[in-house]
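Okay, here's what each chain looks like letter by letter:
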Amino acid sequence: MTQVEIASAVQAILIRHFNIPAEQFCWEQPLEALNEDFKLLGYLVFLEQLLEQQFDKKIPLLENCNTAIHTAEDVVDLIMREL
C-alpha cells in the first residue's frame, strides 16, 4: 500500500467518523485542532480501532500519539512504519 493510499484512507476516516468538514481538513493541524473532542481518550481509541480495521493490522496509536501535538500526517507516518 502506498503512502498516498494510506493518506487517502486516513483522511476519509477522519472526515466520515469525526465530523471534520472536508474543506476544514488540514494535514498539518494537530488532531485536537481538527476536532476538539480528540481531547477525550475515547476518540483516539475509536480512531485506532477504525485504522486497525481499515489496514487489518495492529496500529499502536494510543502509545504513540498525543492529539494536542500530532497531526493526521503523523498518523500516516505511523501507519507507514507499521505496515
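Look up: the structure comes first, before these words.
None of the values given here were measured: they were computed from a predicted structure.

### Regarding the nonpolar core
One broad rule of soluble globular proteins: the nonpolar side chains tend to lie buried together. Judged by nonpolar contacts, the single largest core of 25 residues is most densely connected at L14, L47 and L51. The set of elements that each furnish at least two residues to this core consists of α1 (3-17), α2 (31-34), α3 (41-55) and α5 (72-82). Ranked by residues supplied to this core, first place goes to α1 with six residues.

### What to know about α5
Within α5 the residues assigned to the buried category are A72, V75, V76, L78 and I79. The arc that holds every buried residue of α5, seen down its axis, measures 160°, which confines them to one face. In the core, the buried residues of α5 are packed alongside α1, α2, α3 and α4 (61-64). One side-chain oxygen at the N-terminal end of α5 lies 3.2 Å from the backbone nitrogen of E73; it belongs to T71.

### Let's talk about the packing of aromatic side chains
Counted according to the given criterion, the structure contains five aromatic pairs. Ring geometry for F18 against F38: centres 4.9 Å apart, planes inclined by 35°, an arrangement best described as tilted. Residue F18 is located in the loop between α1 and α2, and its partner F38 is located in the loop between α2 and α3; the two are separated by 20 residues in the primary sequence. Owing to a relative accessible area of 1%, F18 belongs among the buried residues under this scheme. One aromatic cluster is present, built from ring pairs that chain together F18, F38, Y43 and F46.

### Considering the packing of α1 against α3
One can describe the packing of α1 onto α3 by two numbers: an axis separation of 11 Å at closest approach and a directional angle of 135°. Classified by the interaxial angle, the pair formed by α1 and α3 is oblique. As α1 runs across α3, the sense of the crossing is right-handed. Every residue of α3 that contacts α1 at I6, A9, V10, I13, L14 and H17 is listed here: F46, L47, L50, L51, Q54 and F55. When grouped by side-chain class, the residues that make up the contact of α1 with α3 number 10 nonpolar, two polar and no charged.

What counts, and at which threshold
- Throughout this description, residue numbers start from 1 for each chain and increase along the sequence as written.
- In keeping with the predicted nature of the model, local features appear solely for residues at pLDDT of at least 70, side-chain atom pairs appear and are counted solely at 80 or more, and the whole-chain, interface and lining totals rest on all residues.
- Each side-chain value is derived from all of the structure's non-hydrogen atoms; neither hydrogens nor water enter the calculation.
- Note on terminology: a nonpolar core comprises buried Ala, Val, Leu, Ile, Met, Phe, Trp, Tyr and Cys residues joined through side-chain atoms within 4.5 Å.
- Only protein chains enter the accessibility calculation, which uses a 1.4 Å probe; a residue is then buried when its area is under 20% of its type maximum, exposed when over 50%, and partly exposed in between.
- Strands here are runs of E lasting at least two residues and helices are runs of H or I lasting at least four, both read from the DSSP assignment and numbered beginning at the N terminus.
- The arc in question is the one spanned by the directions pointing from the helix axis to the C-beta atoms.
- Contacts were defined at the residue level, with two residues in contact if any of their heavy atoms lie within 4.5 Å.
- Identification of polar contacts relies on pairs of N or O atoms within 3.5 Å, with a donor-acceptor requirement for protein atoms, meaning one able to donate a hydrogen and the other able to accept it, and with residues adjacent in sequence counted only if both atoms are side-chain atoms.
- Here the aromatic set is Phe, Tyr and Trp, taking the six-membered ring for Trp, and pairing holds for ring centres within 6.5 Å; pairs whose planes are under 30 degrees apart are stacked, those over 60 apart are edge-to-face, and all others are tilted.
- Helix axes are fitted only over the stretch in contact, all axes being lines through C-alpha atoms; the angle between N-to-C directions runs from 0 to 180 degrees.
- Should an angle fall under 35 degrees it is taken as roughly parallel, and over 145 as roughly antiparallel, whereas 65 to 115 is taken as roughly perpendicular and any remaining angle as oblique.
- By convention the crossing between two helices is left-handed if the near helix lies anticlockwise of the far one by an angle smaller than a right angle, and right-handed if it lies clockwise.
- Note on residue categories: nonpolar means Ala, Val, Leu, Ile, Met, Phe, Trp, Tyr, Cys or Pro, charged means Asp, Glu, Lys or Arg, and polar means any other residue, Gly included.

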